[in-house]
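# Descriptive structure summary
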Amino acid sequence: MRVHFHTFGCKANQYDSERMRQASEARGAVAVADWRDADVCVVNTCTVTNQADAEARRFVRRVHRQNPTARLVVAGCSAALRPGDYEVLGGVTAVVGGADASRVARVVAGGGRGRALVPLELRSALERIDTEPVGAELLRERAGATRGWLKIQDGCDRRCSFCATRLARGPSRSRPARDVIREARLLARTHPELVLTGIHIGHYGRDLEEPITLSRLVARLLDEVPAVRLRLGSVEATEVDDLLIELIATSSGALAPHLHMPLQQVLLDAHPVVNVLV
């Protein structure tokens, strides 16, 4: 079975698609680069804006129009919040709300029409009750890419009025450091650089049984996976601590001297790090 994976949105979504691909290949699927050659097209959606939702729907319609025999499986954030928008589209045989790779792989392998829906119940407009698992399976490579993605957490505990991601992804869930390190070792075999990504990586480790900070995770990765270069995904300025700055300054490039900061959360006069780095 030939399967094409099409991803909208952020690095976390791209990582999720790679896990979907890996899980599907373990069940016998063959990933193809062109959806026109596919028996199944998995569309991993984004809901960061209304335009992102619209782009995903347009793509689903386009695939069905130009490859009408292909089965379409819709997953991701937009599918979690708006499953009904995709169920009615031609060619869609399953809607898997969220990024559960094993569920996507089962649907891909199962064939036929059917729906695999994640029930969405809201306690309030900004709080999901059900959450997707971060996932215990380790990603071995990001196919066809030099730079690998290493997702360290999922979800977000902020309740920003402009952001639908909190609804679609649920609260922040961190992967145990031992699993992150094991996956980093696997990815380092084929990728000279790994990007630490997630939905809110600055909150990494707060929810673990033995809490750990992002900077201490980075320190462990530098020590235990020395063969790979590390790069941080988006991190808020208020979550950059002294240890992280020290690691950037003293790692001789093993931790890329690069910080991408979303400033909508920052009070520019409230934290000295902002004045130094902006």
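Just so you know, these numbers come straight off a predicted model, no measurement behind them.

Cut-offs used in this document
Residues numbered from 1 in each chain as written. Predicted model: local features only at pLDDT ≥ 70, side-chain atom pairs only at ≥ 80, totals over all residues. Heavy atoms only, no water. Helix = DSSP H or I, 4+ residues; strand = E, 2+ residues; numbered from the N terminus. Buried < 20%, exposed > 50% of the residue type's maximum accessible area, 1.4 Å probe, protein only. Contact = heavy atoms within 4.5 Å. Areas by Shrake-Rupley, 256 points an atom, 1.4 Å probe, with all protein chains shown as cover. Axes fitted to C-alpha atoms, helices over the stretch in contact; angles between N-to-C directions. Parallel < 35°, antiparallel > 145°, perpendicular 65-115°, else oblique. Left-handed = near helix turned anticlockwise from the far one by under 90°. Nonpolar A, V, L, I, M, F, W, Y, C, P; charged D, E, K, R; others polar. Pairing = 2+ DSSP bridges. Core = buried A, V, L, I, M, F, W, Y, C linked by side-chain atoms within 4.5 Å. pLDDT = per-residue confidence, 0-100. 1 Å grid on protein atoms, 1.4 Å probe; cavity = no way out; pocket = protein on both sides within 12 Å on 5 of 7 lines; lining within 4 Å. Points joined across faces, edges and corners; volume = space filled by probe spheres on them. Expected span 1.5 Å × (residues − 1).

Scanning the protein chain from terminus to terminus reveals ten helices and twelve strands. Classification of the 278 residues of the protein chain by burial places 53% in the buried group. Taking the intrachain contacts of the protein chain between residues at least 6 apart in sequence as the baseline, contacts between residues at least 24 apart amount to 71%. Within the structure as shown, the protein chain displays about 12900 Å² of accessible surface, and the carbon and sulfur contribution to it stands at 50%.

Before going further, it helps to examine the packing of helix H8 (residues 214-224) against helix H9 (residues 242-250). Between H8 and H9, whose axes approach to 8 Å, the crossing angle comes to 30 degrees. Overall, the two elements H8 and H9 adopt an arrangement that is roughly parallel. Seen along the crossing, H8 lies across H9 with a hand that is left-handed. Taken together, the residues of H9 that come into contact with H8 (itself represented by Leu-214, Ser-215, Arg-216, Val-218, Ala-219 and Leu-222) are Leu-243, Leu-244 and Leu-247. Class assignment of the residues belonging to the contact of H8 with H9 gives a composition of seven nonpolar, one polar and one charged.

Bringing the sheet that holds strand E4 (residues 71-76) into the picture now. A sheet is described by the order of its strands in space; here five strands give the open sequence E2-E1-E3-E4-E5, paired in parallel fashion. Two strands bound the open sheet, and with one partner strand each, they are strand E2 (30-31) and strand E5 (92-97). Relative to strand E3 (residues 40-45), strand E1 (residues 2-7) runs parallel, the two sharing five bridges. When the bridges of E3 are listed, Phe-5 appears paired with Val-42. Here helix H1 (residues 11-26) sits on the sheet in contact with E1, E2, E3 and E4, set at roughly 170 degrees to E1. Contacts from helix H5 (residues 101-110) reach E1, E3, E4 and E5 within the one sheet, and its direction differs from that of E4 by about 170 degrees.

To continue, consider the nonpolar core. Within the largest apolar cluster, 34 residues are counted, with the highest numbers of intra-cluster contacts made by Leu-214, Val-218 and Leu-221. When contributions to this core are tallied by element, the ones reaching two or more residues are strand E8 (147-151), helix H7 (177-188), strand E11 (193-197), H8, strand E12 (229-232) and H9.

In this model, the protein chain carries an average pLDDT of 87, and 85% of its residues clear a pLDDT of 70 or more. Scored below 50 in pLDDT, residues 118-132 shows 39 contacts in the model against residues more than four places distant or in partner chains.

Attention now moves to the layout of surface pockets. The rolling of a water-molecule-sized probe over the atoms marks out the regions of remaining empty space. Its volume calculated, the largest pocket comes out at about 880 Å³. Taken together, 40 residues form the lining of the largest pocket, with Gly-198, Ile-199, His-200, Ser-234 and Pro-262 sitting closest to its centre. Grouping the amino acids of the lining of the largest pocket by side-chain chemistry returns 16 nonpolar, 15 polar and nine charged.

Take the packing of H7 against H8 next. Think of two packed helices as two axes; the pair is described by the angle between the axes and how far apart they sit. Interhelical geometry of H7 versus H8 gives an angle of 40 degrees and a closest axis separation of 10 Å. When the axis of H7 is compared with that of H8, the two are oblique. The chirality of how H7 crosses H8 is right-handed. For the pair formed by H7 and H8, the contact residues are Ala-177, Val-180, Ile-181, Ala-184 and Arg-185 on the first element and Leu-217, Arg-220, Leu-221 and Glu-224 on the second. Taken together, the residues of the contact of H7 with H8 break down into six nonpolar, no polar and three charged.

Another aspect to go through is helix H2 (residues 50-66). When the terminal C-alpha atoms of H2 are compared, their 25 Å separation across 17 residues agrees well with the 24 Å that a helix rising 1.5 Å per residue should span. Residues of H2 that are buried include every one of Ala-52, Asp-53, Ala-54, Ala-56, Phe-59, Val-60 and Val-63, and no others. In this fold, the buried residues of H2 make contact with E1, E3, E4, helix H3 (77-81), helix H4 (83-87) and E5.

Time to look at the sheet that holds E12. Spatially, the three strands line up as an open sheet ordered E8-E11-E12, and their pairing is parallel. Both edges of this open sheet fall to E8 and E12, since each of them pairs with a single strand only. Recorded for the sheet is a direction-independent mean angle of 30 degrees between the axes of neighbouring strands. Note: E8 against E11, five bridges, orientation parallel. Looking at E11, one finds that Arg-147 is bridged to Glu-193. Where H7 meets the sheet, it contacts E8 and E11, and its direction lies at approximately 165 degrees from that of E8. Along the sheet, H8 contacts E8, E11 and E12; its crossing angle with E12, the most-contacted strand, is approximately 165 degrees.

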